[in-house]
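Notes for the structure review
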Amino acid sequence: MSVVFSAVSTVASGALSGAGGEMGRRTSERLYGLLSRARSEGSGEPGTAGAGPRPDGGDSWAPTLPVTDSEQREAARWLLEVARRSPEFAREVTEWVRDASWLAPRAVPAVAVGASRPQMLPPSTALFTDREDVTAAVTELLDGADRPQGAPAVAVLTGPGGIGKTAAAVNCAHVLRDRFPDGVLYVDLAGASVDTVLSPSDVLARFLERLGVPAGTVPGDEARQRDLYRDCTADRRMVVVLDNAYSEAQVMPLLPAAAGSLVLVTSRRRLDRLVAETGALHRTVAPLSLADSVSLLKRVVGRERPAAPDAVVRAVAEGTGGIPLALCTTGAGLAVREYLPWERVARQLSDRIHGQEEPAVQDGTLDGAPDGSSGGSGDRADPVRLAHDASYRELTPECASLYRAIAVWPWPTVTVPCAAHAAGVGESEARELLEQLARVHLLAEVGEERYRFHDIARAHARARAAAEDGHGRMAAAVRRVAVGQLRFAAGADFRVLPLRWRLGPAYAGLALPEHRPPGDGKRALEELRHERENLAAVVRAAEHHGFDDLVWQLCEAMWGLHLLLGFHAQWVDTHLRGVEAARRGADAFGDARAVGRMLVQLAFAYMGLGQADDAERVLAEAVAADEACGHHRGQASAVEALGLLLLKRWKYPEAQRCFEEARVILGRIRQGDDGWKDLPRALALLEHHTGRAQGKQRDFAAALVRLNDALARFRALPGGDPYNEGRVYMSLGETHLDAGDVDLALVCLDKAVEAMDTAGAGPQLADATELRARCHRRSDRPAQEAADLRTAAAHYEKGGDGRGLGRVRARLAELEG
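How each quantity is defined
- Residues numbered from 1 in each chain as written.
- Predicted model: local features only at pLDDT ≥ 70, side-chain atom pairs only at ≥ 80, totals over all residues.
- Heavy atoms only, no water.
- Helix = DSSP H or I, 4+ residues; strand = E, 2+ residues; numbered from the N terminus.
- Buried < 20%, exposed > 50% of the residue type's maximum accessible area, 1.4 Å probe, protein only.
- Contact = heavy atoms within 4.5 Å.
- Areas by Shrake-Rupley, 256 points an atom, 1.4 Å probe, with all protein chains shown as cover.
- Lys, Arg positive; Asp, Glu negative; His and termini not counted.
- Charge placed at Lys NZ, Arg CZ, Asp CG, Glu CD.
- Pairing = 2+ DSSP bridges.
- Axes fitted to C-alpha atoms, helices over the stretch in contact; angles between N-to-C directions.
- pLDDT = per-residue confidence, 0-100.
- Core = buried A, V, L, I, M, F, W, Y, C linked by side-chain atoms within 4.5 Å.
- Phe/Tyr/Trp six-rings, centres within 6.5 Å; stacked < 30°, edge-to-face > 60°.
- Salt bridge = Lys/Arg side-chain N within 4 Å of Asp/Glu carboxyl O.
- Left-handed = near helix turned anticlockwise from the far one by under 90°.
- Nonpolar A, V, L, I, M, F, W, Y, C, P; charged D, E, K, R; others polar.
- Disulfide = S-S within 2.5 Å.
- Parallel < 35°, antiparallel > 145°, perpendicular 65-115°, else oblique.

Focus on the overall build of the chain
A tally of helices and strands in the chain yields 35 helices and 10 strands. Here the C-alpha coordinates of the chain stretch approximately 95 × 70 × 45 Å along the principal axes. The burial tally for the chain puts 54% of its 817 residues in the buried class. Considering only intrachain contacts with a sequence separation of at least 6, the fraction spanning at least 24 residues in the chain is 70%. When the accessible area of the chain is evaluated, it comes to approximately 33,600 Å², of which 52% is carbon and sulfur surface. Where the 99 positive side-chain charges of the chain centre and where its 111 negative ones centre are 1 Å apart.

Things to note about the side chain of Arg774
Along the chain, the position of Arg774 falls in helix 33 (residues 762–778). Among the residues examined, Arg774 registers a relative accessible area of 17% and is labelled buried. When near neighbours in sequence (up to four residues on either side) are disregarded, Arg774 contacts Met23, Arg30, Glu95 and Asp99.

Section: the pairing of strand 4 (residues 184–188)
With respect to burial, strand 4 is a largely interior element, 4 of its 5 residues being buried. Two strands pair when backbone bridges link them, and strand 4 and strand 5 (residues 239–245) are joined in this way by 5 bridges, in the parallel orientation. If you follow Val184 over to strand 5, its bridge partner there is Val239.

Section: the sheet that holds strand 7 (residues 281–284)
Strand order across the open sheet formed by 5 strands is 4-5-6-3-7, with parallel pairing between neighbours. Unpaired on one side and paired on the other, strand 4 and strand 7 mark the two borders of the sheet. Averaged over all pairs of adjacent strands, the angle between their axes in this sheet comes to 15°, without regard to strand direction. By the bridge criterion, 4 bridges tie strand 3 (residues 153–158) to strand 7 in an arrangement that is parallel. Across the sheet, Ala155 pairs through a bridge with Leu281, a residue of strand 7. Set on the sheet, helix 6 (residues 165–176) makes contact with strand 3, strand 4, strand 5 and strand 6 (262–267); between it and strand 6 the angle comes to about 170°. Relative to the sheet, helix 7 (residues 200–210) contacts strand 4 and strand 5, its axis offset from that of strand 4 by approximately 155°.

Description of the confidence of the model for the chain
Taken as a whole, the chain shows an average pLDDT of 88; of its residues, 92% reach a score of 70 or greater. When mean pLDDT is taken per element in the chain, helix 17 (residues 416–423) scores highest with 98 and strand 1 (residues 51–53) scores lowest with 49. Scored below 50 in pLDDT, residues 53–59 shows 5 contacts in the model against residues more than four places distant or in partner chains. Taken together, the stretch residues 372–380 has pLDDT below 50 and engages in 30 contacts with residues farther than four places along the chain or on a different chain.

A closer look at the sheet that holds strand 8 (residues 414–415)
One open sheet accounts for 3 strands, arranged 8-10-9; its pairing is antiparallel. In this open sheet, the two edge strands, each paired with only one partner strand, are strand 8 and strand 9 (444–447). By the bridge criterion, 3 bridges tie strand 9 to strand 10 (residues 450–452) in an arrangement that is antiparallel. Counterpart to Glu445 in the pairing with strand 10 is Tyr451.

So, the nonpolar core
Counting 220 residues, the largest nonpolar core has Leu242, Leu264, Val265 and Ile406 as the members making the most contacts within it. Per-element tally for this core: the top contributor is helix 20 (residues 470–496), with 12 residues. If we skip the residues at most four places from it in the chain, Leu242 touches Val187, Leu189, Phe207, Val251, Leu254, Val263, Leu264, Val265 and Thr266. Membership of the second largest hydrophobic core comes to 25 residues, among which are Leu737, Cys748, Val753 and Cys775.

Re the packing of aromatic side chains
Each aromatic ring pair is specified by the distance between its two centres and by the angle formed by the two planes. Going through the model one piece at a time under the given rule, you end up with 7 aromatic pairs. Seen from their ring centres, Tyr32 and Tyr652 are 5.0 Å apart, and the 90° between their planes marks the pair as edge-to-face. One end of the pair, Tyr32, is in helix 2 (residues 21–41); the other, Tyr652, is in helix 28 (residues 652–666), with 620 residues separating them in the sequence. Residue classification places Tyr652 among the buried positions, given a relative accessible area of 1%. With centroids separated by 6.0 Å and ring planes inclined at 75°, the aromatic side chains of Trp559 and Trp571 adopt a geometry described as edge-to-face. Remark: Trp571 occurs in helix 24 (residues 568–587) and Trp559 occurs in helix 23 (residues 559–565); sequence separation between them is 12 residues. Judged by relative accessible area, Trp559 falls into the buried class, the value being 10%. Taken together, the ring pairs connect Tyr32, Trp650 and Tyr652 into an aromatic cluster.

As for the pattern of salt bridges
Applying the stated criterion across every chain, the model contains 74 salt bridges. For the salt bridge of Glu468 with Arg464, the shortest nitrogen-to-oxygen distance reads 2.8 Å. Of this pair, Glu468 and Arg464 both sit in helix 19 (residues 455–468), 4 residues apart, which is roughly one turn of the helix. Judged by relative accessible area, which is 36%, Glu468 ranks as partly exposed. On the basis of relative accessibility, which here comes to 10%, the residue Arg464 falls in the buried class.

Comments concerning unusual backbone geometry
Of note, the phi angle at Phe567 is positive, near 55°, even though the residue is not glycine. With respect to the helices and strands, the residue Phe567 is situated in the loop between helix 23 and helix 24. For Asp780, which is not glycine, the phi dihedral falls at a positive 60°.

As for the environment of Thr10
Residue placement: Thr10 occurs in helix 1 (residues 2–17). Apart from residues no more than four positions distant in its own chain, Thr10 is found in contact with Ala100, Leu103 and Ala104.

Structural notes on the environment of Glu429
Structurally, Glu429 is set in helix 18 (residues 427–439). Sequence separation between Glu429 and Ala307 is 122 residues; the distance between their C-alpha atoms is 34 Å.

Looking at the packing of helix 7 against helix 8 (residues 222–233)
Across the interface, helix 7 lies against helix 8 with an axial gap of 10 Å and an inter-helix angle of 40°. Here helix 7 and helix 8 pass one another in a crossing that is left-handed. Contacts from Pro200, Ser201, Leu204, Ala205, Phe207 and Leu208 in helix 7 reach Glu222, Gln225, Arg226, Leu228, Tyr229 and Cys232 in helix 8. Looking at side-chain class alone, the contact of helix 7 with helix 8 contains 8 nonpolar, 2 polar and 2 charged residues.

Examining the pairing of strand 5
With 7 of 7 residues buried, strand 5 lies mostly within the body of the structure. Note: strand 5 against strand 6, 5 bridges, orientation parallel. Along strand 6, the bridge assignment pairs Leu242 with Val265.

Some details on the state of the cysteines
Counted by the stated rule, this structure contains 0 disulfides. For Cys399, which is in no disulfide, the shortest distance to another cysteine sulfur is to Cys418 and amounts to 15 Å. Relative accessible area serves as the criterion here: at 0%, Cys399 is assigned to the buried category. You can see Cys658 has no disulfide; the closest cysteine sulfur is in Cys629, sitting 19 Å from it. Take Cys658: its relative accessible area is 9%, and that puts it in the buried class.

So, helix 15 (residues 383–393)
Quick reminder: α-helices carry 3.6 residues per turn. Residues three or four places apart thus point the same way. Most of helix 15 is tucked away: 10 of the 11 residues are buried. Of all the residues in helix 15, the buried ones are Pro383, Val384, Arg385, Leu386, Ala387, His388, Asp389, Ala390, Ser391 and Tyr392.

Overview of the packing of helix 27 (residues 632–648) against helix 28
Relative orientation of the contacting elements helix 27 and helix 28 amounts to 170°, with a least axis distance of 8 Å. Considering their axes alone, helix 27 and helix 28 lie roughly antiparallel with respect to each other. At the point where helix 27 passes helix 28, the crossing takes the left-handed sense. In this structure, helix 27 contributes His632, Arg633, Gln635, Ala636, Val639, Glu640, Leu642, Gly643, Leu644, Leu646 and Leu647 to the contact, and helix 28 contributes Tyr652, Glu654, Ala655, Cys658, Phe659, Glu661, Ala662, Ile665 and Leu666. For the contact of helix 27 with helix 28, a count of residues per class yields 13 nonpolar, 3 polar and 4 charged.

This is the structure:
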């Protein structure tokens, strides 16, 4: 029962999210066929779960996609019950379960050839000082016999910001990494504030990719991500560093399953429940001793600078309070400014500590700050703030301006274009200024031309911006960044999906080059993925500052990213904001068409999470919104999307009616209206969808008419559309196969292979070849089947599709065994 139930659950969730691709869709439709046959071959009717009467009011029972746990268990029970009475049915169920097993996201064992061994640990700083006690305590934890069995070793380092928790954890991981051969996972959880924290789902998606799970197969919901993460880590000995955690709820889903792993957690907050539930080692990281502070300070300053009297060096070190961040910032200022006297720095720190000079940054939280940040802790003797004040005073005006401008929002990383837009300067100037800030430890370089503030440094910079620039200039910096990111995202999205229908002025004037480089779409998608966290942050920043026109356009520009790669938690978060921004804009004479557009995209995000009812609800809202504003193209798109959802849920008659309704709505578009140029392609797609819906209702004659009409329409498009021609040929092949005409199916699949090859659509080419092999199997032609399976394997291997490759290789092994 459990194996069949697991297969039903995998197929049903994949049907909504589309994670299994065309093979997942066909496996779902095969389940529909099995359940329909179970009804006709069994005695009595199945239970109500996953079943329903015909929507046309007839007496014939029709299954619906089992979404809930109870529906899936009922479907599995019914399959098994009929299989016990029918050997032939049992054979088909067994084959279906085997194929369904390949759709489940698979952990890549650490011992597998080519298994991913992630190395995400940042480099340990050459300036690391002291903290040997932390490594010694963790080593003792690993070697101790009294730690909990069957669970990873967990150590929690706590202390105030800037005290060196991250450096201690990273150094400890480097020292011990030889004991953990299967890799290191690292993430900054951004736990300085509840408004900046990363969600467990976001982190799990990132970890799963690094563990070898293809991005397109990562589950959308956190529970399934967590289960897969535990599968992936169950047989691995790894170090997992969870830096800057906000709460236990953020950490617990990220704990690996393997007892042989080590988890290092850093936080400014006491994580008592984590310690209690995991038996974690807890260490409070204290300030450095005066001797270690002097040692670190001298190492940061370097030997090139003339030595200062020991008493002066000690005075500077004392002024930093033994806080490593303050020591590094102060020392870096001395290192790069050869004419800055040690005595002057010591005097500044001493004067401010003793209240003889007003601090340059006033205490207090900036109203409306996204992370509740201020320039300091409320204590004018805060050594970190004093160090930042001293370094800030020595910046050039241009560098100080950029320092303030990039701190107006907690960007996950600051890139050169981001800094250039924020400060209103050219990229070459921004690049040089960022390097200057990194040299004085006000920024850290975390990747190629990617920088990050320590959040205390960002709080200081933001407070300076509030004091010197004011709200208006800060908001203008946010808008410049948002506009720049919108231009980047729209351009990349256009390269990813150049033929899709779009909304918004950001796409005006975009065109593909006549000689487009091969693989350009994949490169654009990778660019979007690399920048996705910053894009989500820009959406939140634009919303906070009331730039509603940019909020929904940014969401529109992320459509290709989310459609192809998922990241559903971020998708829902950004598009809920996009919906509200579009609604506010519509009320204030904005583009009313944006409301329906955002709702449609939000519905697809809900589909990816398996929330079919939410998807159906927002699609109904989208239809109403577009109808209210008279936007026929948007209304037709929303009705079409609703039909596609119903198609996924096996509600084929309702889906057909939606596609026919969408066709009627498109008929209202006149020359010059929005969507007029896209009309021929839109109608061709609807013909294709309708033919598929009719085929699944076994109205094969009508389905073939529609599909051939769709084929003719795609051929008639200027320049043709080989990709969609190939998809229609695939549907024709499937329809002939369902109707029992294998020979005609093969004719159509030959054409599909040819079309996909012309289109350069590698994954679809592999899929069409594999489906052709299935036809040969139906005709009992093992030699031809094996030949097609070998060709499909080559295509899957070239495209990096491990699941497809494993599936066809398993079938080849059966044939050759």
